[in-house]
Amino acid sequence: MDVIALDAPTDAQIRAWHEVLAAVHAADPAGEPAPDPDGAARRLLSAEPGARQRHWAVADGGRMVAVASLRLAGEPGTARPGEVDVQVHPRHRRRGHGRRLLAAAAEGLRADGRTSVIAQVLAGTPAVPFLESQGFECVLTLRGMLLRLDEVPPGRIERLLAEAPAGYELVRWRGTVPDGHAAALARAKHAMADFAEYEGAPWDARRVREMAEVVAKRGDDLYTVAALHGGAIAGFTEIVVPHDSAGRAAQYDTAVVPEHRGRRIGIWVKAAMLAWLTAERPDVREIETDNSGDNAHMIAVNEELGFRTERESLEYQAPVTALP
Ligand SMILES: CC(C)(COP(=O)(O)OP(=O)(O)OC[C@H]1O[C@@H](n2cnc3c(N)ncnc32)[C@H](O)[C@@H]1OP(=O)(O)O)[C@@H](O)C(=O)NCCC(=O)NCCS
């Protein structure tokens, strides 16, 4: 039983990888759409710009039964933690495969000069005792929420749109930010820094464009609605509709610049986004979002829009010295 590094996976290995993910999903769907083979291949073959990734698998009797990915954002040796994900076929658990893959990822982390690692898992699943037995501690709770558009009470969006804060106007775009707003969007993204503890790299116009290019390269659609004040972005919200969404879109960032907070700009841009999506993308039936468990304000905004809590996820962290 060996751990194999998949630095250049073959087509057969990519198919086997997808089969492991599909078996894990079938045993515990947790409200998520099943992984599709093309998406698994894309994720294995290309990392996002500004990040590198490594993959490992365990084969038992010639069959792939467990897989792991390590995402390394930023340059080697940066203080940013690596991100690890381990998935073991349900029929092959408690045989040490998870631990073996974590040890391989630990080697990868050391080779890249990293000192810590994080993992995001669902509360109440075997991942919790697994990570805790391997030296990880919970550092953040995330609340997964879902909005079913056909359950939004009639008139709610119109009412929220009518309550526009004085002195602000809405602007919206699909795909990459127009040049005139790029620097202002980057500044507004800094407003997210309160919550994005691990995304330490500074936002600038280039990184904002790169993020939109990553989404486009995957074949997905990015929609942005922003509130302008005196021509500058005071707040914004982003939604991505995956090309294989099966009706489910994902909330990306929402932020309001500190000096503009407390004027209901967050809920206003989100309501405008819902109105736009309803008109432009009738194929979108639901929207999912993850909020920091500490971010009571954003959770309240989402609840007012009609989002309901679906699941709780936990972010775990470990110093690399604690790993097997
Ligand atoms: C979490 C997961 C990866 C564990 O894989 P695994 O191969 O079963 O784990 P291991 O056999 O290496 O277990 C190592 C130790 O973790 C702990 N552990 C693992 N699963 C456990 C469970 N269900 N209950 C209690 N402890 C558990 C035990 O201490 C175990 O040692 P032991 O078997 O000697 O008691 C697997 O359950 C899985 O794929 N879950 C779904 C995907 C997921 O949530 N991945 C996120 C992890 S980053």
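The numbering scheme is per chain: residues are counted from 1 as the chain's sequence reads. In view of the model being predicted, local features appear only for residues whose pLDDT reaches at least 70, and side-chain atom pairs are presented and counted only at 80 or more, with totals across whole chains, interfaces and linings using the full set of residues. Neither water nor hydrogens contribute to the side-chain values; these are computed over all heavy atoms in the structure.

Chemist: Explanation requested: the pairing of strand β12 (residues 308–319) in the structure shown.
Modeler: Successive residues of a regular strand alternate their side chains across the two faces of the sheet. In this scheme, strands are said to pair when DSSP sees at least two bridges between them. Going along the chain from the N terminus, every DSSP run of H or I of four or more residues is numbered as a helix, and every run of E of two or more is numbered as a strand. Sheet analysis places strand β5 (residues 116–122) next to β12, joined by seven bridges and oriented antiparallel. Directly across from Gln120, in β12, lies its bridge partner Glu315. Relative to β12, strand β6 (residues 137–148) runs antiparallel, the two being bridged by nine bridges. Looking at the pairing, Cys138 lines up with Tyr316 of β12.

Chemist: Quick question: what am I supposed to make of the domain arrangement of the protein chain here?
Modeler: How big an interface is tends to be reported as the loss of accessible area on association of its parts. Domain ranges listed in this record stem from an automatic or a database domain assignment. Assigned domains within the protein chain: domain 1 (2–144 + 315–322) and domain 2 (153–305). Between domain 1 and domain 2, the C-alpha centre-to-centre distance is 29 Å. The partner domain 2 presents 18 residues to the 21 residues of domain 1 that form the contact. When domain 1 packs against domain 2, the two sides together hide about 1,600 Å² of surface, and 46% of this comes from carbon and sulfur. Broken down residue by residue, the surface that domain 1 buries against domain 2 is led by Arg42, Arg80 and Arg143, which jointly contribute 34%. Within this document, salt bridges are pairs made up of a side-chain nitrogen of Lys or Arg and a carboxyl oxygen of Asp or Glu, the two lying within 4 Å of each other. Applying the counting rule to domain 1 against domain 2 returns one salt bridge. Any N or O atom pair separated by 3.5 Å or less is treated as a polar contact, with the protein-specific requirement of one donor-capable and one acceptor-capable atom, and with residues adjacent in sequence counted only for side-chain atom pairs. Where domain 1 packs against domain 2, one counts three residue pairs in polar contact (both at pLDDT 80 or more). Secondary-structure elements contributing two or more residues to the side of domain 1 that touches domain 2 are β5, β6 and β12. The element that contributes the greatest number of residues to the side of domain 1 that touches domain 2 is β6, accounting for six residues. Residues are grouped as follows: Ala, Val, Leu, Ile, Met, Phe, Trp, Tyr, Cys and Pro are nonpolar; Asp, Glu, Lys and Arg are charged; every other residue, Gly included, is polar. Taken together, the residues of the side of domain 1 that touches domain 2 break down into seven nonpolar, five polar and nine charged. We call two residues in contact whenever any of their non-hydrogen atoms come within 4.5 Å of each other. Two parts placed together each lose some accessible area under a 1.4 Å probe, and the buried area is that loss summed for both.

Chemist: Would you explain the site of the ligand in this entry?
Modeler: Neighbouring residues of the ligand: 18 residues in total, closest Val86, Val88, Gly96, Gly98 and Arg99. Arg93 places a side-chain nitrogen or oxygen 3.4 Å from an oxygen atom of the ligand. In isolation the ligand offers 920 Å² of accessible surface; the protein chains occlude 78% of this area. Mapped onto the shell around the ligand, the elements with two or more residues apiece are β4 (82–88), α3 (97–111) and α4 (127–133). Looking at the shell around the ligand element by element, the count peaks at four residues for α4. Within the shell around the ligand, the residues separate by chemical class into eight nonpolar, six polar and four charged. Residues are classed as near a molecule or strand on a simple rule: at least one heavy atom within 4 Å of it. All accessible areas in this document rest on Shrake-Rupley with a 1.4 Å probe, and a residue is counted as covered only by the protein chains that are shown.

Chemist: Got a minute to help me understand the packing of aromatic side chains in this structure?
Modeler: The aromatic pairing rule takes the rings of Phe, Tyr and Trp, using the six-membered ring of Trp, and pairs them if the centres are within 6.5 Å, calling planes under 30 degrees apart stacked, those over 60 edge-to-face and the rest tilted. Applying the stated criterion to the full structure yields one aromatic pair. Aromatic pair Tyr223 and Trp276: ring centres 5.1 Å apart, planes at 85 degrees, arrangement edge-to-face. Remark: Trp276 occurs in helix α8 (residues 265–280) and Tyr223 occurs in strand β8 (residues 221–229); sequence separation between them is 53 residues. As far as the burial class goes, Tyr223 and Trp276 line up, both buried. In our convention, an over-ring charge means Lys NZ or Arg CZ found within 6 Å of a ring centre and within 35 degrees of that ring's normal. Across from the ring centre of Trp203, 3.8 Å away, lies the NZ or CZ of Arg207, which sits over that ring. Partly exposed describes any residue whose relative accessible area lies between the buried limit of under 20% and the exposed limit of over 50%, with all areas from a 1.4 Å probe on protein chains only and scaled to the type maximum.

Chemist: Hey, could you run me through the sheet that holds β6 in this one?
Modeler: Within a sheet, neighbouring strands are paired by backbone hydrogen bonds and run either parallel or antiparallel to one another. If you walk across this open sheet you meet the twelve strands as β1-β2-β3-β4-β5-β12-β6-β11-β10-β9-β8-β7, and the pairing is mixed. Sheet topology places β1 (2–5) and β7 (169–174) at the edges, where each strand pairs with a single neighbour. Geometrically, the sheet is characterised by an average inter-axis angle of 25 degrees between neighbouring strands, direction not taken into account. Summarising the sheet, strand β9 (residues 232–241) and strand β10 (residues 248–256) pair through five bridges and their orientation is antiparallel. Each residue of the ladder has a partner; that of Gly235, found in β10, is Val256. Along the sheet, helix α9 (residues 296–305) contacts β6, β10 and β11 (286–292); its crossing angle with β6, the most-contacted strand, is approximately 20 degrees. Between N-to-C directions, angles cover 0 to 180 degrees, with each direction set by a line fitted to C-alpha atoms, over the stretch in contact for helices.

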